[in-house]
There are 2 protein chains.
Amino acid sequence: MSQAGTPSSPSLKARRGLVVFSGGQDSTTCLHWALREFGSVEAVFFDYGQRHAAEIQAAATIAQRLSVPLKVFKLDFFRELGGNALVDQAMAIEAMPEGGGLPNTFVPGRNLIFLTYAASYAFTRGIHDLVTGVCQTDYSGYPDCRDATIKSLEQALGQGLGWNDSGRPPTQAGGFAIHTPLMFRTKADSVHWAAELGALQSLAFSHTCYEGAFPPCGKCPACLLRKKGFEEAGIADPLETRASLGNA
Amino acid sequence: MSQAGTPSSPSLKARRGLVVFSGGQDSTTCLHWALREFGSVEAVFFDYGQRHAAEIQAAATIAQRLSVPLKVFKLDFFRELGGNALVDQAMAIEAMPEGGGLPNTFVPGRNLIFLTYAASYAFTRGIHDLVTGVCQTDYSGYPDCRDATIKSLEQALGQGLGWNDSGRPPTQAGGFAIHTPLMFRTKADSVHWAAELGALQSLAFSHTCYEGAFPPCGKCPACLLRKKGFEEAGIADPLETRASLGNA
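Residues numbered from 1 in each chain as written. Chains lettered and ligands numbered in written order. Predicted model: local features only at pLDDT ≥ 70, side-chain atom pairs only at ≥ 80, totals over all residues. Heavy atoms only, no water.

1. Regarding the sheet that holds strand 3 (residues 70-74) of chain B
All names here are of chain B. Operational definition: Two strands qualify as a pair provided that DSSP identifies no fewer than 2 bridges between them. Strands are runs of DSSP state E lasting at least 2 residues, helices are runs of H or I lasting at least 4, and numbering of each runs from the N terminus. Note on geometry: axes are lines fitted to C-alpha atoms, helical ones only across the stretch in contact, with angles between N-to-C directions running from 0 to 180 degrees. The criterion used for residue contact is that any of the two residues' heavy atoms lie within 4.5 Å.
Taken in spatial order, the 5 strands line up as 3-2-1-4-5 in an open sheet, and their pairing is parallel. Edge positions in the open sheet fall to strand 3 and strand 5 (177-179), since each of these has one partner strand only. Pairs of neighbouring strands in the sheet enclose a mean axial angle of 25°, with direction left out of account. Relative to strand 5, strand 4 (residues 129-131) runs parallel, the two sharing 3 bridges. Its bridge partner being in strand 5, L130 is matched across the sheet by I178. The strands touched by helix 1 (residues 25-37) are strand 1 (16-20), strand 2 (40-47), strand 4 and strand 5; relative to strand 1, the strand with the most contacts, the crossing angle is about 175°. Along the sheet, helix 2 (residues 54-65) contacts strand 2 and strand 3; its crossing angle with strand 3, the most-contacted strand, is approximately 160°.

Structure follows, in structure tokens:
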């Protein structure tokens, strides 16, 4: 797993990256990082029955602006699984539980499945590098965002697709890598870094609000986390600027 | 990961097992093993666009005969991914390539995705033990059937669902385990063991043939592998006996 920051890693220029892209703040920043690092970049979006269409619209808009090919897969599994507020319209989004436990927005196995699907798709494209915006620092109680999870999944996927057969390290030719450039960044850090990467213009079109609202509701856990990050970074959120201009 | 054989492990009696069930020979044998080992057993079937309906019929018949609850999930992903003979009606099934390489029946990530889905479903049922019939000995060139793959996936899934947080070993309370009782058995071994487990009657209703035929075609790689196992074990295949009786 590469936690590559600046400066860019010349070794990745010979490789192609596949970004797991939700149209949100973190994966948009990662998409810009990938465009800087890799020789070429593609993106994959998972339509898993989210509450609203705003996410896919954001993803399509940003990918198109950046001329990145975007593949959309529809996954009905999580809706059928049910029991969480992100796919179940009848459940109210709850803030993070104080005692530790899992928030009711936890979709069990979501990132595991996204990354496994992405790896299968990458296999058919001959791509050995996945990029995901998961972040342990602000992981919202989701255990599948943690570094330990991603590291072990990187092993499992590389083995399962026959890419790590000869013990190749992930960052060498033939090895399989999951890149998590945001893993240990705070939200404020990520905002600074997005500015450095030239991602702010894309972030104006990114989607964060759990309620699917534009302008964002400003009250759900996702909106609050985003707001805190931009405030601490001392940078105006381009999404709010866009909203204040009435530019939907 | 437990490679538990005989005698039964008393510790599993307090746990519930979820069997990844295809209605085939290996997972049917595993289902019987699970029924012997666990306090209670459920099964999950993945309808991923296989060429024919024979698999799901076999799974439903066997589960019903054994009074095991069977949950079916429909996965369109592999069909959309395409490019392999198991989901693509236009491709002929090829025997295993001689030089090594991957057979054209390789569905990239299939077992990774089945097990990840099964773990997510198990999470919602409070189940910590998966059982799968994957086998390294006769792995047909599929890298996701190997022990190294399953061991690393066990880690990733346990971490990703928050089950291995406190470093609990898979076989202790709270830990997450993938049981692979057939991993190091030859097909002949598995047939002997199926007889020992009392699974032969179920195997009469199991489905193996890639062509979806009943009586089985006897010529596809899956039929040949099954035939070889029963012959080497010196046991009559109850599926052939059933076919010869004209009992569809």
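2. With respect to the relation of the copies chain B and chain A
Here is the rule: A least-squares fit on C-alpha atoms brings the copies together, and the residues used are those whose pLDDT is at least 70 in both copies.
Between chain B and chain A, which share one sequence, the superposing operator has a rotation angle of 180° and an axial displacement of 0.0 Å; the RMSD is 0.0 Å. Between the two chains, the operation in question is that of a two-fold axis. Take the interface residues of chain B: 100% of them recur as interface residues in chain A, which is what a same-surface contact looks like.

3. Concerning the interface of chain B and chain A
Definition in use: Note on definitions: buried area is the accessible-area loss of two parts on being combined, 1.4 Å probe, summed for both. Only one rule defines a salt bridge in this text: a Lys or Arg side-chain nitrogen within 4 Å of an Asp or Glu carboxyl oxygen. Pairs of N or O atoms within 3.5 Å make up the polar contacts considered here, provided that, within protein, one atom can donate a hydrogen while the other can accept it, and that residues adjacent in sequence are counted only when both atoms are side-chain atoms.
Facing the 35 residues of chain B at the interface are 35 residues of chain A. Summed over both sides, the interface of chain B with chain A buries roughly 2,900 Å², with 69% coming from carbon and sulfur. A:K71 is paired through a salt bridge with B:E80; the nearest N and O atoms lie 4.0 Å apart. One can count 7 residue pairs in polar contact (both at pLDDT 80 or more) joining chain B with chain A. Broken down by secondary-structure element, the contributors of at least two residues to the side of chain B that touches chain A are strand 3, helix 3 (77-81), helix 4 (110-125) and helix 5 (147-160) of chain B.

4. Some points on the pattern of salt bridges
Counted only if it meets this: Only protein chains enter the accessibility calculation, which uses a 1.4 Å probe; a residue whose area is less than 20% of its type maximum is buried, one above 50% is exposed, and one in between is partly exposed.
Using the criterion set out here, one finds 21 salt bridges over all chains in the structure. Between B:K74 and B:D76 there is a salt bridge, with its nearest N and O atoms 3.8 Å apart. A relative accessible area of 37% places B:D76 in the partly exposed class. Overlapping salt bridges bring together A:R16, A:E42 and A:R125 as one network.

5. Re the confidence of the model for chain A
Residues and elements named next belong to chain A. Condition: For every residue, the predictor reports its confidence as pLDDT, a number between 0 and 100.
Confidence along chain A averages 86 in pLDDT terms, with 83% of residues attaining 70 or more. In the predicted structure, residues 1-7 sits below a pLDDT of 50 and forms 27 contacts with residues beyond four places in sequence or in another chain. For this predicted complex, the interface score ipTM comes out at 0.85, while the overall pTM is 0.87.

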